[in-house]
Amino acid sequence: MSTPGDPAQPDLESCRGTMSAEEDAKWLQWVTHQFETIAGEDREINLQEFKTALNVKESFFAERFFALFDSDGSGTITLQELLEALTLLIHGNPMDKLKFLFQVYDVDGSGSIDADELRTVLQSCMRESAISLPDEKLDQLTLALFESADKDNNGAITFDELRNELQRFPGVMENLTISAAHWLTPPAARPRSRRPRPLTSAYWHNHRSHLLCLAAYAGLHVLLFTLAACAHRALGASVMVAKGCGQCLNFDCSFIVVLMLRRCLTWLRATWLAQVLPLDQNIQFHQLMGWVVVGLSLVHTVAHVANFALQAQSGASPFRFWELLLTTRPGIGWVRGSASPTGVALLLLLLLMFACSSSCIRRSGRFEVFYWTHLSYLPMWILLIVHGPSFWKWLLVPGILFFLEKAIGLAVSRMAALCIVEVNLLPSKVTHLLIKRPPLFHYRPGDYLYLNVPTIARYEWHPFTISSAPEQKDTIWLHVRSQGQWTNRLYESFKTSDPVDSKRLSRSLRMRRSQKKPQVSEMSSENHLFCNIKCYIDGPYGTPTRRIFASEHAVLIGAGIGITPFASILQSIMYRHQKRKHICPSCQHSWMDNVQDEDMKLHKVDFIWINRDQRSFEWFVSLLTKLELDQAEETREGRFLELHMYMTSALGKNDMKAIGLQMALDLLAKKEKKDSITGLQTRTQPGRPDWRKVFQKVAAEKKGKVQVFFCGSPALAKVLKGHCEHFGFRFFQENF
């Protein structure tokens, strides 16, 4: 066995431990194949090839690993040297891995680690985890870890001292590895295709309204198709199919617009129907109906084409096939025989709208294509009225509701132009807008609105979640992530030009003095602009997050900019929390009213924020700091709001390239009572959450019925939904 000062040369048989002979042979075969692919003809790997293969960000670790893997000091790594090193890292016992880690940290090979070596290692750890801290903070982290490990105060950390320090972190030594250990690991067996989840009670609990509506929708189509087909059975099978599809299309083409009546849906959310109807899935149902309309239209068209072909071939009609299909001469239809040409026009318009509605169009900076082609619903309705004799009856009620909503929206949004009064350009190209709030603009936490900025695009309206609390009377906050053409133009317009007016300081002073309630400010001196830019808003509109205050135990999960709906909710919680708090003027003793608001049944809130990089936490860090300060006097068990921060770019404690940094961050956080990355009291955890453990902890708290609210990527939503079904939690997703 190697010593701390010597290159690691473990015995292969003892290191492979519990691997079976078959697994061992497969692993060796895979490593050999990968090595030959990378090494090429010389059958050796140099330092540059090693760096590329391991995909390490910081050259320090690549060079240290390479030096330790190169047991003969030749400057290259052979297959045998690589096998020995990787076998230790993958299958070695904890002591072998610890000795390897010590050798990485012992840069000069002296057999001990001094403070300067430790600082170099921690600096490299920070770069590997994409963490940026000032030199002063790096020095504090180095001293915190060094003083904790150097028990005899002799100015150096020995192998035994490092081992003792690591043993304070349970589970780390047993699982210690580096990403290099997974570099040449045989791929796992390809999983079988995932079967649909069984109709368990938890699945039914989360999807019952959805499933019932789908069943009712399918049943209605079967009924409509059957009745229409039976009424025309004397005309042959093709006509029966065409008429059956046509009757279904009468319903679909009129009802599809009801799913996008945002004002009506917002009103329904405040009624008992919100517990029965899947209002949160209105967009998904709208998309589903779009697919159904396209499918039925194609079948309807094929059936008519087949009927025309039969008529022309059999001589039952005096008209030729193309005349039946494209002209008004046969007199088919109730308006001057225009059924055939209007049907062709309808199909072409529908296919154009369908193609331009794909996600690749909407999310690739071509939103205008989607927007303008979607406006073809107006000529489609006109053509449908001309095409089908009974369509106007189906459209009557939905059409009236639609045009009433559009008229009200147009009147409200254009009644008076508003102004963007302040702008803050935040990290990761996020634009924070402060808009002067209209007098009669009432909304609830988590609501969203549509924004139009004529200087950016005169006719474009885009939805954004309101990130300020309703209790904030003077301004509305919006946080806009630059992800498309319009949002990028918005960000660049403020970045490249300074829209400052001559009275900006006087106006800003008046606005700040008019604030009646204590506000959380997200403003910073950099990229902070006062302006007076005209804009229009349409809204507010409700979202699934309106249910949060009616929950008993709410788990809020935001990924990246997905925090915006929860920012409004957390601010509103803070306001209500302050409203229930009382302070004795004599002794300054504080207490809370046990009586909760009528519309707030919350007993506990867990807020989980997942960010890719460090700077993204700056978006709302002052808000979260204020929330922590408001609960500072309460015991940890008594806090109804608990924060959980995760940084996915940071490597975890089990990775050799990060363990020293994570240990130092833990030690300094305990000493300073705050996290070095965000400045919050809550420690930022590296990597991604272990959702099974997270939900197990939530379930164990038994604070009431758990409801999970998520805003973020659809991929993560699927993962969370599966865990919620397993634990029996209700799951609600905010759509971007």
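An unreviewed UniProt entry lists the chain under the name NADPH oxidase 5, from Panthera leo.

Novice: Now, about the overall build of the chain: what can you tell me, with residues and values included?
Specialist: From N to C terminus, the chain includes 26 helices and 14 strands. In the chain, which comprises 736 residues, the share counted as buried stands at 49%. Roughly 36600 Å² of accessible area belongs to the chain as shown, and the carbon and sulfur atoms make up 58% of that amount.

Novice: Tell me about the nonpolar core, residues and numbers included.
Specialist: By size, the foremost hydrophobic cluster in this structure holds 87 residues, and its most contacted members are F69, F100, L556, F607, W609 and L624. Excluding residues within four positions of it along the chain, L556 makes contact with I548, F566, I569, L570, V605, D606, F607, I608 and F709. Of all hydrophobic cores here, the second largest spans 27 residues; its members include A457, F464, L478 and L490.

Novice: Lay out the sheet that holds strand β6 (residues 528-541) with the relevant residues and their values.
Specialist: Ordered in space as β4-β3-β6-β1-β2-β5, the six strands form an open sheet in which the pairing is antiparallel. Looking along the sheet, the strands with just one partner apiece sit at the ends: β4 (462-465) and β5 (475-481). For this sheet, the mean angle separating the axes of adjacent strands, direction not counted, is 40°. With seven bridges joining them, strand β2 (residues 430-436) and β5 adopt antiparallel strand pairing. Residue L433 lies in a different strand from β5, and its bridge partner there is L478. Helix α19 (residues 391-414) rests against β3 (448-452) and β6 of the sheet, and its axis sits at about 160° to β6.

Novice: With reference to specific residues and values, describe a nonpolar patch on the surface.
Specialist: A cluster of nonpolar side chains, namely W334, V335, W392, L396, V397, I400, L401, L404, I408, V412 and M415, defines an oily patch on the protein surface of about 1000 Å² accessible area. Along the polypeptide, V397 turns up in helix α19. Residue classification places V397 among the exposed residues on the basis of a relative accessible area of 56%.

Novice: Which residues make up unusual backbone geometry, and what values do they have?
Specialist: Residues G539 and P540 are joined by a peptide bond in cis, for which omega reads 5°. Of note, the phi angle at K673 is positive, near 60°, even though the residue is not glycine.

Novice: So what about the state of the cysteines? Which residues, and what values?
Specialist: Applying the stated criterion across every chain yields a total of zero disulfides. Here C535 stays free of any disulfide, with the sulfur of C419 as its closest cysteine sulfur at 7.0 Å. Under the relative-accessibility criterion, C535 is labelled buried at 0%.

Novice: Talk me through the UniProt feature "domain: EF-hand" (unreviewed entry) in the chain; I want residue IDs and the actual numbers.
Specialist: The positions that UniProt labels "domain: EF-hand" (unreviewed entry) are, in the present scheme, residues 57-92, 93-128 and 137-172. Secondary structure across residues 93-128 comprises 72% helix and 0% strand; the distance between its end C-alpha atoms is 25 Å.

Novice: Let's hear about the packing of aromatic side chains: which residues, and what values?
Specialist: How two aromatic rings sit relative to each other is given by the distance of their centres and the angle of their planes. Inspection of the entire model under this criterion finds 25 aromatic pairs. Ring plane angle 65° and centroid distance 6.3 Å describe the contact between W609 and F620, whose orientation is recorded as edge-to-face. Of this pair, W609 sits in strand β10 (residues 604-611) while F620 sits in the loop between β10 and α23 (621-630), placing them 11 residues apart in sequence. By relative accessible area, which is 0% here, W609 ends up buried.

Novice: Before we move on, can you summarise empty space enclosed by the protein with the specific residues and values?
Specialist: Across all of its chains, the model carries four cavities of 30 Å³ or more by this definition. Reported here for the second largest cavity is a volume of approximately 70 Å³. If you go around the second largest cavity, the residues you meet are L101, Y105, I113, L118, L145, A149, I157, L162, L166, I659, G660 and M663. Only α6 (94-105), α8 (135-149), α9 (159-166) and α24 (659-672) provide two or more residues apiece to the lining of the second largest cavity.

Novice: Which residues make up the packing of helix α11 (residues 237-255) against helix α13 (residues 282-314), and what values do they have?
Specialist: Relative to each other, α11 and α13 sit at 150°, their axes nearing to 8 Å. Here α11 is positioned roughly antiparallel relative to α13, judged by the angle of their axes. By crossing handedness, the relation of α11 to α13 is classed as left-handed. The segment α11 lies against α13, with S238, V239, V241, A242, C245, G246, C248, L249, F251, D252, C253 and F255 engaging M289, V292, V293, L296, S297, V299, H300, A303, H304, A306 and N307.

Novice: Tell me about α24, and name the residues and values.
Specialist: Over its 14 residues, α24 runs 20 Å from end to end, which matches the ideal 20 Å to within 8%, given 1.5 Å per residue. Of all 14 residues in α24, 11 are buried, a share of seventy percent or more. For α24, the set of buried residues is I659, G660, L661, Q662, M663, A664, L665, D666, L667, L668 and A669. Buried-residue contacts for α24 involve α6, α7 (115-128), α8, α9 and β12 (684-686). Positioned one or two residues after α24, K673 has a phi angle of 60°, which is positive.

Novice: Can you tell me about the sheet that holds strand β11 (residues 641-647), naming the residues and giving the values?
Specialist: Overall, parallel pairing links the six strands, which are arranged β12-β11-β10-β7-β13-β14 in an open sheet. Whereas interior strands pair on both sides, the edge strands pair on one side only; in this sheet they are β12 and β14 (730-734). Averaged over all adjacent pairs, the angle separating strand axes in this sheet is 20°, with direction ignored. In this sheet, strand β13 (residues 706-711) lies alongside strand β7 (residues 553-559) in parallel orientation, the contact comprising six bridges.

Novice: Before we move on, can you summarise the pattern of salt bridges with the specific residues and values?
Specialist: If charged atoms from side chains of opposite charge come close, those side chains can pair. Per the stated rule, a full pass over the model turns up 13 salt bridges. A salt bridge links E492 to K429; the shortest N-O distance between them is 3.7 Å. Taken together, the positions of E492 in helix α20 (residues 485-496) and K429 in the loop between β1 (418-426) and β2 put the pair 63 residues apart, joining distant regions of the chain. The class of E492 is partly exposed, set by a relative accessible area of 30%.

Novice: Help me get a handle on the environment of L529, residues and values and all.
Specialist: Among the structural elements, L529 can be located in strand β6. What makes L529 buried here is its relative accessible area of 11%. Separated by 107 residues in sequence, L529 and E422 place their C-alpha atoms 5.7 Å apart.

Novice: Now, about the environment of G246: what can you tell me, with residues and values included?
Specialist: As for its placement among the helices and strands, G246 is situated in helix α11. Once the C-alpha coordinates of G246 and F225 are considered, the two residues, 21 residues apart in sequence, prove to be 8.2 Å apart.

Novice: Quick rundown of the layout of surface pockets? Include the residues and the values.
Specialist: Empty space among the atoms can be located by rolling a probe the size of a water molecule over them. Estimates place the volume of the second largest pocket at around 1000 Å³. Lining the second largest pocket are 41 residues, with K243, H300, H304, A339 and H387 sitting closest to its centre. The element contributing the most residues to the lining of the second largest pocket is α13, with nine residues. For the lining of the second largest pocket, the residue count by class is 23 nonpolar, 17 polar and one charged.

Novice: If you had to explain α6 to someone new, which residues and values would you point to?
Specialist: Because each turn of an α-helix spans 3.6 residues, side chains separated by three or four positions in sequence point in the same direction. The end-to-end C-alpha separation of α6 is 17 Å, in line with the 16 Å expected for 12 residues at 1.5 Å each. Counted residue by residue, α6 has 10 buried out of 12 residues, so it is predominantly covered.

Calculation notes
Residues numbered from 1 in each chain as written. Predicted model: local features only at pLDDT ≥ 70, side-chain atom pairs only at ≥ 80, totals over all residues. Heavy atoms only, no water. Helix = DSSP H or I, 4+ residues; strand = E, 2+ residues; numbered from the N terminus. Buried < 20%, exposed > 50% of the residue type's maximum accessible area, 1.4 Å probe, protein only. Areas by Shrake-Rupley, 256 points an atom, 1.4 Å probe, with all protein chains shown as cover. Core = buried A, V, L, I, M, F, W, Y, C linked by side-chain atoms within 4.5 Å. Contact = heavy atoms within 4.5 Å. Pairing = 2+ DSSP bridges. Axes fitted to C-alpha atoms, helices over the stretch in contact; angles between N-to-C directions. Patch = residues over 30% accessible without salt bridge, like charges linked within 9 Å, V, L, I, M, F, W, Y side chains within 5 Å. Salt bridge = Lys/Arg side-chain N within 4 Å of Asp/Glu carboxyl O. Disulfide = S-S within 2.5 Å. UniProt positions renumbered as here; feature names shortened; annotations may be inferred. Phe/Tyr/Trp six-rings, centres within 6.5 Å; stacked < 30°, edge-to-face > 60°. 1 Å grid on protein atoms, 1.4 Å probe; cavity = no way out; pocket = protein on both sides within 12 Å on 5 of 7 lines; lining within 4 Å. Points joined across faces, edges and corners; volume = space filled by probe spheres on them. Parallel < 35°, antiparallel > 145°, perpendicular 65-115°, else oblique. Left-handed = near helix turned anticlockwise from the far one by under 90°. Expected span 1.5 Å × (residues − 1). Nonpolar A, V, L, I, M, F, W, Y, C, P; charged D, E, K, R; others polar.

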